[in-house]
Amino acid sequence: MPNALALLRGINVGRAKRVAMADLRALLEGLGFSEVRTLLNSGNAVFTVPAGHRGELAAQIERALASRLHVTARVFVFSAADLHQIVAGMPFPQFAENPSRAMVTFIPNPADLAKLRPLLKEDWSPEALALGDRAAYAWFPNSVLESPLNTALARLLKDGGTARNWATVLKLAALVDGR
């Protein structure tokens, strides 16, 4: 079963930073990873890292994207265990009602996550925010694009994280589990 998840930030949005998922799979396989599978067209991949593989996976993938596909993008890599912890940490039951209105922002750096702590002191009603160990969870009952909370998250994080809706997160967890 795949033991790692790579999330590419900001690819295939509009005409900029286009990456075909077949090319992403080939790139990851070329780096020595196996069982590579992608989900959707937004830079989600699960794969198996061979035993003994050395180096920072996100940096390796970023360099390969730039040199082979001529695309500069932040890459965030999480283990399967990290993904399961993020899924288990989902704090809002309303995520299940409309998973497209719920966002999980994957944040690998604790310092970036700490930047969001002041937002917890504000009342974002009807929206909601919670922080986990490796992610921020946000509920947008009306609109993600027009959300003041979403604007605040983006302003504070800059490129320190990448968001996926709850439906996509659950599909990624199923892929990691081999389902």
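Anything mentioned here points back to the structure above.
Definitions and cut-offs
Residues numbered from 1 in each chain as written. Predicted model: local features only at pLDDT ≥ 70, side-chain atom pairs only at ≥ 80, totals over all residues. Heavy atoms only, no water. Pairing = 2+ DSSP bridges. Helix = DSSP H or I, 4+ residues; strand = E, 2+ residues; numbered from the N terminus. Axes fitted to C-alpha atoms, helices over the stretch in contact; angles between N-to-C directions. Contact = heavy atoms within 4.5 Å. 1 Å grid on protein atoms, 1.4 Å probe; cavity = no way out; pocket = protein on both sides within 12 Å on 5 of 7 lines; lining within 4 Å. Points joined across faces, edges and corners; volume = space filled by probe spheres on them. Nonpolar A, V, L, I, M, F, W, Y, C, P; charged D, E, K, R; others polar.

Moving on: the sheet that holds strand S5 (residues 102-106). Taken together, the 4 strands give an open sheet; going across it, the order is S6-S7-S5-S8, and neighbouring strands pair in antiparallel fashion. Since the sheet does not close on itself, it has two edges, and those belong to strand S6 (128-131) and strand S8 (162-165), each with one partner. Across this sheet, the average inter-strand angle for adjacent strands is 20°, counted without regard to direction. Judged from the 5 bridges that link them, S5 and strand S7 (residues 135-139) form a sheet pairing that is antiparallel. When the bridges of S7 are listed, Ala102 appears paired with Trp139. Against the sheet, helix H5 (residues 148-157) touches S5, S6 and S7, its axis set at about 35° to S6.

Here the largest pocket defines a volume of roughly 430 Å³. Taken together, 20 residues make up the lining of the largest pocket; nearest its centre are Arg9, Met103, Asn150, Thr162 and Ala163. Elements with a minimum of two residues in the lining of the largest pocket: S5, H5 and S8. Per-element accounting of the lining of the largest pocket gives the leading share, 4 residues, to H5. Each residue belonging to the lining of the largest pocket can be placed in one class, and the counts come to 11 nonpolar, 6 polar and 3 charged.

This paragraph deals with unusual backbone geometry. Most of the time, phi is negative for any residue but glycine, and the peptide bond is trans. Cis geometry is adopted by the peptide bond preceding Pro126, which originates at Ser125 and carries an omega value of 5°. Relative to the helices and strands, Pro126 resides in the loop between helix H4 (110-114) and S6. The phi angle at Glu35 is positive, at roughly 50°, despite the residue not being glycine. Of note, Glu35 is situated in strand S2 (residues 34-39).

Another aspect to go through is the side chain of Thr105. With respect to the helices and strands, the residue Thr105 is situated in strand S5. In this structure, Thr105 is in contact with Arg134, Ala135, Ala136, Leu157, Gly161, Thr162 and Ala163, ignoring residues within four places of it in sequence.

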